[in-house]
Amino acid sequence: MLELRGITAGYDPRDPVVRDVYLTVADGEAVGLLGPSGCGKSTLARVAALLHRPTAGTVVIDGEPARGWRHRAPREQRTAFGVVFQQPRQSADPRLRLRDLIAEPLRASGRSRAEAAARVGELAAAVGLSEELLARRPHEVSDGQLQRACLARALVPRPRWLICDEMTAMLDASTTAALVAVVEDYRRESGAGLLVVGHDAALLDRWCDRTVRWSTLVPNKEDASPRKAT
Amino acid sequence: MTVLDVRDLSVRFRMRGGREIAAVTEASFRLGPGECLALVGESGCGKSVLASALLGLLPGNARTEGSALLGDLDLLAADERTLARTVRGRRVGLVPQSPAAHLTPVRTVRSQLEETVRELTGVRGRVLRTAAEAAAERAAFPAGHLDRYPHQLSGGLAQRAATALALVGDAPLLLADEPTTGLDRDLVDRTVDELRRHADAGRALLMITHDLAAAQRIADRVAVMYAGRIVEVADATAFFGAPGPRHPYARGLLDALPERAFTPIPGMPPELGDLPEGCAFAARCPRAAAGCRAVPDLADGVACHHPHPAAEEASRA
Ligand SMILES: Nc1ncnc2c1ncn2[C@@H]1O[C@H](COP(=O)(O)OP(=O)(O)OP(=O)(O)O)[C@@H](O)[C@H]1O
Ligand code: SF4
Ligand SMILES: [Mg+2]
């Protein structure tokens, strides 16, 4: 189980973006989190993936409270998560060939080269990337192709939890359906749980077991609308 | 009357080792005042390159063919000086695909809006502040965020800032490249309604989008691009309703929607640097037959040897 307990988080401690939020994803469950632009759902998703330190509250992963954030999170907690963001160009190292980009999470894991290559090959096939595309760098591929690589990279360590933040917001309908199918295949095979953050109700309702509306998460609804300037 | 007349527009990128990328091939369409054409298609199919060509913003290794007449000016032949001084922002407004990249990181949204208003409308002095605020308001950019820097904005707010900048010059042709990426449905609706109002005021609007719901909401006509070619141009009502698209690719695209079958088109689009002979969709097409080894021409709104029937044929069958 992945539990967010009383999370308060943001960028300015006097004016947090997320206030006292509770959310639970059960084993193997797919939960959609639907909210308007700027409400803070990306911030919450980053907290859930241990990428952003909350100012209050805890993230509990399979009964264990998170013991650190970002690179200070213990390895086994960090690698429990696979994360895919909206903008593949912002999250992909421009110098790496797609093959190495996908293999990145395996580098520090002490796995043998052959093992890593086999895992990359398997995932590249699943997301539909050819050998020729794997040899290219991010600026030589389309957004859709790069997002396929970013999804493969997220799946490479066999995460127990997947966090997809607007993974398909910049993709066409067919590429969206294709990437969702890859995620669902992985979940079927691995039993991983999923948190999908987005603002496309039709997509979340079709994809997830249940969809949670941001306004029902946040106690004070006024804070859920795009924030007023202070 | 025509605002923009694009004829046989092709764009080729020359790559290292003599390789050539056929990003756009023989695209033709017209846009009249008050009209909105939505250009849809798979990621990487050439939509943004087409827009860049119209603005003279292609990189140095690109070569164009054909013509794109804006009044009597051929945008493809115009020199950089003309484009910079009289075209961009003034005769052609651009709402960019990645707003963050188009906003200057070290300046607040207010300062960028004021500069653009000053440059394009000549407004100066005390009224400048009000004019910039009005410009923000038109794109639903909240006044309280005007003093923020681009990195302090969510994706949605950055998009609205970029839209506000594009609307300042009141250009007769507006190119919107994915203007609603990252916005929630309410904001998508507000943004496209705002763009629609601009069209209704007599401007021509070319909106590039992968958001089919946004396209349906705003467009008079839809152009579908696949592997660099426009493969279908249709009336929006017929396209999204009955009888639906005529080109098999366009059908597949609509069927992939979560509101519909949610099934992807099998496979991936071909590499634009290595296009197959004949119809580029053949490898993924359920209707492909031997005749598809010849490239189909765009005739009667569709480039396909075995299209789905058009409205009249459908009702007769
Ligand atoms: N680095 C930052 N510094 C200051 N404020 C920030 C920063 N990043 C985000 N914000 C603000 O935090 C709020 C929530 O941002 P977040 O990115 O979580 O929104 P979101 O729900 O994902 O929105 P969208 O769907 O538009 O991307 C917004 O008001 C945004 O302007
Ligand atoms: S020309 Fe042939 S292969 Fe191409 S879309 Fe039409 S039926 Fe399919
Ligand atoms: Mg977001």
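Note that the structure is a prediction, hence the values are computed from the model and not measured.

The rules we used
- Residue indices begin from 1 for each chain and proceed along its sequence in written order.
- Lettering for chains starts from A, numbering for ligands starts from 1, and both go in the order in which the items are written.
- A pLDDT threshold of at least 70 governs which residues receive local features in this predicted model, and a stricter bar of 80 or more applies before side-chain atom pairs are shown or counted, although totals over entire chains, interfaces and linings include all residues.
- Side-chain figures throughout are based on the complete set of non-hydrogen atoms in the structure, without hydrogens or water.
- Here a helix means four or more residues in a row that DSSP labels H or I, a strand means two or more in a row labelled E, and each is numbered from the N terminus.
- C-alpha atoms define the radius of gyration, and 2.2 Å times the number of residues to the power 0.38 defines the globule rule.
- The rule is simple: take the accessible area with a 1.4 Å probe, protein chains only, and divide by the maximum for that residue type; under 20% is buried, over 50% is exposed, in between is partly exposed.
- By the convention used here, residues are in contact when the closest approach between their heavy atoms is within 4.5 Å.
- Charge assignment: positive for Lys and Arg, negative for Asp and Glu; neither His nor the chain ends contribute.
- One atom stands in for each charge, and that atom is NZ of Lys, CZ of Arg, CG of Asp or CD of Glu.
- Neighbouring residues are identified by heavy atoms, a residue being near a molecule or strand if any of them is within 4 Å of it.
- In this classification, the charged set is Asp, Glu, Lys and Arg, the nonpolar set is Ala, Val, Leu, Ile, Met, Phe, Trp, Tyr, Cys and Pro, and all remaining amino acids, among them Gly, are polar.
- Strands are treated as partners if at least two bridges between them are detected by DSSP.
- We call two N or O atoms a polar contact when they sit within 3.5 Å, provided that within protein one can donate a hydrogen and the other can accept it, with sequence-adjacent residues counted only if both atoms are side-chain atoms.
- Working definition of a nonpolar core: buried Ala, Val, Leu, Ile, Met, Phe, Trp, Tyr and Cys residues. They are joined through side-chain atoms within 4.5 Å.
- Once two parts are brought into contact, the accessible area they lose, counted with a 1.4 Å probe and summed over both, makes up the buried area.
- By definition, a salt bridge exists where a carboxyl oxygen of Asp or Glu is found within 4 Å of a side-chain nitrogen of Lys or Arg.

**Q** Could you clarify how one ought to interpret the overall build of chain A in this entry?
**A** Scanning chain A from terminus to terminus reveals 10 helices and 9 strands. Taking 230 residues into account, the globule formula puts the C-alpha radius of gyration at 17 Å, and chain A, at 17 Å, falls close to it. Here the C-alpha coordinates of chain A stretch approximately 50 × 35 × 35 Å along the principal axes. By the burial criterion, 56% of the 230 residues in chain A qualify as buried. Taking the intrachain contacts of chain A between residues at least 6 apart in sequence as the baseline, contacts between residues at least 24 apart amount to 72%. Each charge class in chain A was averaged separately, 33 positive and 29 negative side chains, and the resulting centres sit 4 Å apart.

**Q** Please clarify how the site of ligand 2 should be interpreted in this entry.
**A** Every one of the 13 residues lining ligand 2 counts as a neighbour, but C279, C285, C292, C304 and H305 of chain B are closest to it. Grouping the amino acids of the shell around ligand 2 by side-chain chemistry returns 9 nonpolar, 3 polar and 1 charged.

**Q** Looking at this model, I keep getting lost on the pairing of strand β2 (residues 20-31) of chain B. Mind explaining?
**A** On any regular strand, side chains alternate: one points to one face of the sheet, the next to the other face. Residue and element names in this part refer to chain B. The sheet contact formed by strand β1 (residues 4-14) and β2 spans 8 bridges and is antiparallel. Among the inter-strand pairings, L9 is bridged to a residue of β2, identified as A27. Where β1 folds back on β2, the antiparallel hairpin that results is connected by 5 residues, among which G17 adopts a positive phi of roughly 75 degrees.

**Q** I'm lost on the sheet that holds strand β2 (residues 18-25) of chain A in this one. Help?
**A** Residue and element names in this part refer to chain A. One open sheet accounts for 4 strands, arranged β2-β1-β4-β5; its pairing is antiparallel. A strand with exactly one partner marks an edge of an open sheet, and here the two such strands are β2 and β5 (64-65). Sheet topology note: the strand β4 (residues 56-61)/β5 ladder contains 2 bridges and is antiparallel. Along β5, the bridge assignment pairs V60 with P65.

**Q** Would you mind showing me how to read the sheet that holds strand β4 (residues 62-70) of chain B here?
**A** Across a sheet, paired strands are connected by hydrogen bonds in the backbone, their directions being either parallel or antiparallel. Pairing is antiparallel in the open sheet, where 4 strands are placed in the order β2-β1-β4-β5 (chain B). The open sheet terminates on both sides in strands that have one partner only, identified here as β2 and β5 (73-74) of chain B.

**Q** How do you make sense of the environment of C150 of chain A when you look at a structure like this?
**A** All names here are of chain A. Assignment of secondary structure puts C150 in helix α7 (residues 143-155). Separated by 40 residues in sequence, C150 and S190 have C-alpha atoms that sit 19 Å apart. Not counting chain neighbours up to four residues away, the residues in contact with C150 comprise V84, P88, S91 and A92.

**Q** Looking at this model, I keep getting lost on the site of ligand 1. Mind explaining?
**A** Taken together, 21 residues lie around ligand 1, and G38, K41, S42 and T43 of chain A together with Q152 of chain B are the ones closest in. Residues within reach of ligand 1 are spread across chains A and B. Separating an oxygen atom of ligand 1 from a side-chain N or O atom of S42 of chain A is a distance of 2.4 Å. Between ligand 1 and Q152 of chain B there is a distance of 2.8 Å, counted from an oxygen atom to a backbone nitrogen or oxygen. For the shell around ligand 1, the secondary structure elements donating two or more residues are α1 (41-48) of chain A together with α6 (155-167) of chain B. Residue contributions to the shell around ligand 1 peak at 3 residues, all from α1 of chain A. Split by residue class, the shell around ligand 1 holds 5 nonpolar, 12 polar and 4 charged.

**Q** Is there a simple way to think about the nonpolar core in this case?
**A** Generally speaking, a soluble globular protein has its nonpolar side chains buried in company with each other. If you look at the biggest cluster of nonpolar residues, it comprises 129 residues, and the most contacted ones within it are L129 and W207 of chain A together with L9, L50 and L54 of chain B. Here L129 of chain A is in contact with L98, I102, A124, L134, Q145, R148 and A149 of chain A together with M268 of chain B, once residues within four sequence places are set aside. With 32 residues, the next largest nonpolar core counts L4, V21, V25 and A66 of chain A among its residues.

**Q** Is there a simple way to explain the interface of chain B and chain A in this structure?
**A** One frequently used descriptor of interface size is the decrease in accessible area upon assembly of the parts. Contacts between the two partners involve 33 residues from chain B and, on the opposite side, 33 residues from chain A. Taking both partners together, chain B and chain A bury about 2600 Å²; carbon and sulfur atoms supply 55% of that area. In this structure, the salt-bridge partner of E271 of chain B is R136 of chain A, at a minimum N-O distance of 3.1 Å. Between chain B and chain A we count 9 residue pairs in polar contact (both at pLDDT 80 or more) in total. Of the residues assigned to the side of chain B that touches chain A, the class counts are 12 nonpolar, 12 polar and 9 charged.

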